[in-house]
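Tertiary structure, described
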Amino acid sequence: MKLKYLILCICLLFGASLFSQNDTITLTNGDRIVGEVKKMDRGVLTIKTPYSSSDLKVKWKKVNTIKSTEHFLIISSNGERLKLKGLQTHKAANINVVSGGDKAIHLTDIVFIKPVKDGFVSRLNASVSFGYNFTKASNLSQLSVASTLGYTSSFYSIGITFNSVRSNQDSVEEIQRTYGELAFNYFLERDNFLIYQSEFLSNSEQKLKLRVTNKLGFGKYFIHNNQMFLAGVLGVAWNNEEYEASLIQSRNSGEAYASLAVNMFDYNDLSLVSNLTAYPSLTEKGRVRTDFKMDLKYDLPLDLFVKLGFNYNYDNKPVEGSSYSDYVIRTTLGWEL
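All residue numbers refer to positions counted from 1 along the written sequence of the respective chain. At least 70 in pLDDT is required for a residue's local features to be given in this predicted model, at least 80 for side-chain atom pairs to be given and counted, and no such filter applies to totals for whole chains, interfaces and linings, which use all residues. The basis for the side-chain values is all heavy atoms of the structure; hydrogens and waters are excluded.

**Points about empty space enclosed by the protein**
One simple way to see leftover space: roll a probe sized like a water molecule over the atoms. Cavities and pockets were defined on a 1 Å grid built from protein atoms only: a cavity is a group of points that admits a 1.4 Å probe but offers it no way out, a pocket is an open group of points flanked by protein on both sides within 12 Å along at least five of seven lines, and a lining residue is one with an atom within 4 Å of any such point. Grid points are joined across faces, edges and corners, and a volume is the space filled by probe spheres set on the points. Within this structure, the stated rule accounts for 3 cavities of 30 Å³ or more. When its volume is computed, the largest cavity comes out at roughly 110 Å³. Forming the boundary of the largest cavity are 15 residues, of which Y179, E199, L201, D291 and N313 lie nearest the centre. Helix and strand assignments come from DSSP, with helices taken as H or I runs of at least 4 residues and strands as E runs of at least 2, each series counted from the N terminus. Of all the secondary structure elements, the ones that give two or more residues to the lining of the largest cavity are β13 (172–187), β14 (192–203), β15 (208–224), β19 (288–299) and β20 (304–315). A per-element tally of the lining of the largest cavity places β19 first, with 4 residues. Broken down by class, the residue content of the lining of the largest cavity amounts to 6 nonpolar, 3 polar and 6 charged. Residues are sorted three ways: Asp, Glu, Lys and Arg are charged, Ala, Val, Leu, Ile, Met, Phe, Trp, Tyr, Cys and Pro are nonpolar, and all the rest, Gly among them, are polar.

Next up, the structure:
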């Protein structure tokens, strides 16, 4: 009797496994993969299979056909956002297209695919990385932490970023730099979007106890394909600053801002993300601030990565006694979901 129950359980598990494998992908070399499409982003299709301990990753340009009965969010290179029930590729004028319902789009024009599920967790993406250095001389220790958390819906996205660097040494005051960001994007037609950002910065080099900048802007993707993204934003910002006790206590100003961001990812396991933002002040004559960020990431197996990050801040009119600029270089090892 126990043996019968065991066989029945095995059959049920096997049947459930087969039932979950409702997505079929055929590659340009004729290979066929059966599993579950998790997402396609930055030119890479991620597939979960029961016969691999880790997700399979396939370059999107190597995909010939794809078939699924699930609900998907698809973004095209012109910024159109489609919600389709089921995917089915077929030939149209010798070009493969994906269709679902009454919509059809060329495979080469797709820049993002993600299953649309009811679960909140299924729409999250996250990463965390750490770096640590220690030198015996003067007991110098440095700790770097970088993390991201994001949520993507059909027409908006929310992202949280946190970066921190701490350096301690005998007989020297602690050196620190902390940066945090909350960003909300609402996607419009034709690759346009509205963005709200709230940024926090604290660093000892510029005697900055805190800087909170709230920004509202209008942006557009100039390039949006499976090799790179290039976007620009114009908007206004309100900047609130507090400095160390020995300096002035607060400094508030209204600013305009212009930002240019690039994301390059079709270079095998390498990817590059960079952003340059300029803040000409509207209330302090002649004052201009600039922020520059760059992250170079190399992907490792098991969703691990190593990252080299560089951040630079410049203020042409800092408060008396503080530096014009501050920068930090980070090397970290991390994991992403």
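There is more to say after this.
**Notes on the nonpolar core**
Among the nonpolar cores identified, the biggest contains 21 residues, and I25, L45, W60, V63, I74, V98 and I110 are the most heavily contacted of them. Listed by contribution, the elements that provide at least two residues to this core are β1 (23–27), β2 (32–41), β3 (44–48), β5 (63–76), β6 (81–92) and β9 (110–115). For this core, the element with the most residues is β5, which contributes 4 residues. Within the second largest apolar cluster, 8 residues are counted, among which are F187, I195, V233 and A237. In this text, buried Ala, Val, Leu, Ile, Met, Phe, Trp, Tyr and Cys residues form a nonpolar core when linked through side-chain atoms within 4.5 Å. Working definition: with a 1.4 Å probe on protein chains only, accessible area under 20% of the residue-type maximum means buried, over 50% means exposed, and in between means partly exposed.

**Quick look at the environment of L201**
Looking at the secondary structure, you find L201 in strand β14. L201 sits 37 residues away from S164 along the chain, and the two C-alpha atoms are 9.8 Å apart. Contact definition: two residues touch when any of their heavy atoms are within 4.5 Å. Discounting chain neighbours no more than four positions away, the residues touching L201 are R177, T178, Y179, L208, L210, R211 and N313.

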